[in-house]
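# Examining the three-dimensional arrangement
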Amino acid sequence: MRVNSRLTDDQSIRSGIEQGGSRRRHFENLLYEKYSYMIRDGVWRHKLSEDDSSIAYSDTILGVIENIVKKQFEGRAELKTYIFQIFSNKCVDLIRKNTTKKATVYQTDTISDYINLLPDDMQNAVQQMISKHETERIWQKLRVLGKKCYELVMKWNEGYSDKEVAEIMSFNSAEVVKTSRLRCLNKVREMVKND
């Protein structure tokens, strides 16, 4: 009996997303919340950080929503099974990506090594200049990503909680704010690294 009610819930979520309109966002939120426990599973099973697991889960849900809208999800498996498989694949991809990055980064000399060679009074000045330059670079990259990313990180930088940002910027929940912010910051990290 419980299985049927769960299938009905999944079916109504799918239908609500497929129909679109003003209620689509409501059904997207239901889908996100219903299986959000998978984030903990990513932390436990795949040994990801909570942030990485949240990003993998958000990317999964976005992909599933897109597949539902494009009618690429045919319903041969339960929605939960479909989401779990995609989420697991995204977790494994993240593990590979993180492992590859760690294996390829071997720097023997760092800027800190050179700064330490300077006299004490100059070390502080140089570190402040580097810090200011890096901060300006990060904000510049955030502007490139768009107004929403910029505002999201700005509010966080000003000390607003995720819940407050969700209310101010009309996000659905504090979890969505956190995941969106992390995604923005990861994109900035990639952009800065690739410069």
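Up top is the structure.
Scope of this entry: the structure provided in the associated data block. Here the structure is a predicted model, which means the values were calculated and not measured.

With that out of the way, let us pick up the packing of helix α8 (residues 147-157) against helix α10 (residues 174-194). Relative to each other, α8 and α10 sit at 110°, their axes nearing to 10 Å. Classified by the interaxial angle, the pair formed by α8 and α10 is roughly perpendicular. Residues Cys149, Leu152, Val153 and Trp156 of α8 pack against Val177, Ser180, Arg181, Cys184 and Leu185 of α10. Across the contact of α8 with α10, the residue classes break down as seven nonpolar, one polar and one charged.

For lysine 47, which is not a glycine, the phi torsion comes out positive at approximately 60°. Summarising the element assignment, lysine 47 is placed in the loop between α3 (38-46) and α4 (50-69). The class of lysine 47 is exposed, set by a relative accessible area of 67%. One non-glycine residue, lysine 71, lies in positive phi territory at about 60°.

All right, on to the packing of α3 against α4 then. Two numbers describe how α3 lies on α4: the axes approach to 8 Å, and their chain directions differ by 130°. By the angle between their directions, the pair α3 and α4 is classed as oblique. The way α3 lies across α4 gives a crossing that is right-handed. For the pair α3 and α4, contact is made by Met38, Ile39, Gly42 and Val43 and by Glu50, Ser53, Ser54 and Tyr57, respectively. The class makeup of the residues in the contact of α3 with α4 is four nonpolar, three polar and one charged.

Moving on, we get to the nonpolar core. Counting residues in hydrophobic clusters, the biggest one holds 21 residues, and the most contacted among them are Ile17, Leu31, Tyr57, Ile61, Leu79 and Ile83. Counting only elements with at least two residues in this core, the list comes to α1 (2-19), α2 (24-34), α3, α4 and α5 (79-104). Among the nonpolar cores identified, the runner-up in size contains 15 residues, and Trp139, Cys149, Ala166 and Cys184 belong to it.

Here we take up the environment of glutamate 164. Relative to the helices and strands, glutamate 164 is located in helix α9 (residues 162-168). A residue is classified by how much of its surface remains accessible, and glutamate 164, at 38% relative accessible area, is partly exposed. Put simply, glutamate 164 and valine 177 are 13 residues apart on the chain and 9.6 Å apart in space, counted from C-alpha to C-alpha.

Right, let's talk about the packing of aromatic side chains for a bit. Scanning all chains against the criterion turns up four aromatic pairs. Seen in terms of ring centroids, tyrosine 32 and tyrosine 57 are 5.1 Å apart; in terms of plane orientation they differ by 65°. Their pairing is edge-to-face. A residue pair is termed long-range when its members are at least 10 positions apart, and tyrosine 32 in helix α2 and tyrosine 57 in helix α4 qualify at 25 residues. The residues tyrosine 32 and tyrosine 57 share a single accessibility class, namely buried. Put simply, the rings of Tyr32, Tyr57 and Phe87 pair up and form one aromatic cluster. Over the aromatic face of tryptophan 44 sits the side chain of lysine 47, whose NZ or CZ is 5.9 Å from the ring centroid.

Time to look at the side chain of arginine 14. Within the secondary structure, arginine 14 sits in helix α1. Exposure remark for arginine 14: the relative accessible area of 15% places this residue in the buried category.

Of the residues making up α2, those classed as buried are Phe27, Glu28, Leu31 and Tyr32. For α2, the angular spread of buried residues about the axis comes to 145°, placing them on one side.

A few words now on α3. Buried within α3 are the following residues: Met38, Ile39, Asp41, Gly42 and His46. Relative to the axis of α3, the buried residues are bounded by an arc of 155° and lie together on one face. Opposite its buried face, α3 presents the exposed residues Arg40 and Trp44, each directed more than 90 degrees away. The first or second residue beyond α3 is lysine 47, which carries a positive phi of 60°.

What counts, and at which threshold
- Residues numbered from 1 in each chain as written.
- Predicted model: local features only at pLDDT ≥ 70, side-chain atom pairs only at ≥ 80, totals over all residues.
- Heavy atoms only, no water.
- Axes fitted to C-alpha atoms, helices over the stretch in contact; angles between N-to-C directions.
- Helix = DSSP H or I, 4+ residues; strand = E, 2+ residues; numbered from the N terminus.
- Parallel < 35°, antiparallel > 145°, perpendicular 65-115°, else oblique.
- Contact = heavy atoms within 4.5 Å.
- Nonpolar A, V, L, I, M, F, W, Y, C, P; charged D, E, K, R; others polar.
- Buried < 20%, exposed > 50% of the residue type's maximum accessible area, 1.4 Å probe, protein only.
- Left-handed = near helix turned anticlockwise from the far one by under 90°.
- Core = buried A, V, L, I, M, F, W, Y, C linked by side-chain atoms within 4.5 Å.
- Phe/Tyr/Trp six-rings, centres within 6.5 Å; stacked < 30°, edge-to-face > 60°.
- Lys NZ or Arg CZ within 6 Å of the ring centre and 35° of its normal.
- Arc of directions from axis to C-beta.

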